[in-house]
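So you can see what is in the structure, the chains are spelled out below.
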Amino acid sequence: MKSFFILTILAGSLTVFTACKKDKSTDDSTEHEDHPTAVITVTSPNENDTIQGNFSVTGNIVGTGNLHGYQVTVTNAINDSIVYQHDIDDHVANFTINQAVTHTYTVYTPLKLEVVAALDHEGHTATKTVHFVVH
């Protein structure tokens, strides 16, 4: 009976050790992505800005390889309604963002800017979000 217990514990230990090793190798394979990466910088508006009137979204996207475009979306942070949206579909490594946004808000309204860069055609993206207020 004592031998059976020892064998069971050893078998269980080997199973756990093997499972841990498999998980680790799976994690290693996800570190090597087959698509470019990108850094998105928004220069205007800045986080927590208060803007009176219309405004421009400016910044840049710098990729490690050819990207597949980007989308600028400004939404009302209260009800998620879209205030402005514009897509650029081009295959270059770097983008300059300069989008003029007009709105009809006359009271202080929180907005959310989201810039999403398409890294490839398989759906990989990079995102930058900025929250600010207009009136």
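Everything quoted here is computed from the prediction, not taken from an experiment.

1. Some words on the overall build of the protein chain
Piece 1. What the protein chain contains, in helices and strands, is 1 helix and 8 strands.
Piece 2. Moving toward the C terminus, one meets the helices and strands of the protein chain in the order α-β-β-β-β-β-β-β-β.
Piece 3. Looking at the protein chain residue by residue over its 135 residues, the buried ones come to 30%.
Piece 4. Put simply, of all contacts in the protein chain between residues at least 6 apart along the chain, 62% involve residues at least 24 apart.
Piece 5. Summing over all exposed atoms, the protein chain offers an accessible surface of approximately 8,800 Å²; the carbon and sulfur share of this is 55%.

2. What about the confidence of the model for the protein chain?
Piece 1. The share of residues in the protein chain with pLDDT of 70 or more is 76%, and the mean pLDDT across the chain is 84.
Piece 2. This model gives residues 4-8 a pLDDT under 50, and the stretch forms 0 contacts once residues within four places in sequence are excluded.
Piece 3. Taken as a whole, residues 14-30 scores under 50 in pLDDT and shows 0 contacts with residues more than four places along the chain or in a different chain.

3. Thoughts on the sheet that holds strand β8 (residues 125-134)
What holds strands together in a sheet is hydrogen bonding between their backbones, with the strands either parallel or antiparallel.
Piece 1. Taken together, 5 strands build an open sheet; the order of strands is β2-β8-β7-β4-β5 and the sheet is mixed. Either end of the sheet is taken by a strand with one partner, and the two such strands are β2 (50-51) and β5 (82-88).
Piece 2. Of the strand pairs in this sheet, strand β7 (residues 109-118) and β8 are connected by 10 bridges, and their pairing is antiparallel. Each bridged residue has a counterpart across the sheet, and for Ala117 the counterpart in β8 is Ala126.

4. Digging into the sheet that holds strand β3 (residues 55-63)
Piece 1. Spatially, β1-β3-β6 is the arrangement adopted by the 3 strands of the open sheet, whose pairing is antiparallel. Looking at the sheet topology across the chains shown, the edges are occupied by β1 (38-44) and β6 (94-101). Geometrically, the sheet is characterised by an average inter-axis angle of 15° between neighbouring strands, direction not taken into account.
Piece 2. As defined by bridge partners, β3 adjoins β6 across 8 bridges and the pair is classed as antiparallel. Residue pairing for β6: Asn60 is matched across the bridge by Thr96.

5. Some details on the environment of Asn46
Piece 1. Turning to its location among the elements, Asn46 is positioned in the loop between β1 and β2.
Piece 2. For Asn46, a relative accessible area of 39% puts it in the partly exposed group.
Piece 3. For the pair Asn46 and Val130, spaced 84 residues apart in sequence, the C-alpha separation works out to 6.7 Å.
Piece 4. In this view, Asn46 contacts Val130, His131 and Phe132; residues no more than four positions away in its chain are not counted.

Scoring rules and cut-offs
Residues numbered from 1 in each chain as written. Predicted model: local features only at pLDDT ≥ 70, side-chain atom pairs only at ≥ 80, totals over all residues. Heavy atoms only, no water. Helix = DSSP H or I, 4+ residues; strand = E, 2+ residues; numbered from the N terminus. Buried < 20%, exposed > 50% of the residue type's maximum accessible area, 1.4 Å probe, protein only. Contact = heavy atoms within 4.5 Å. Areas by Shrake-Rupley, 256 points an atom, 1.4 Å probe, with all protein chains shown as cover. pLDDT = per-residue confidence, 0-100. Pairing = 2+ DSSP bridges. Axes fitted to C-alpha atoms, helices over the stretch in contact; angles between N-to-C directions.

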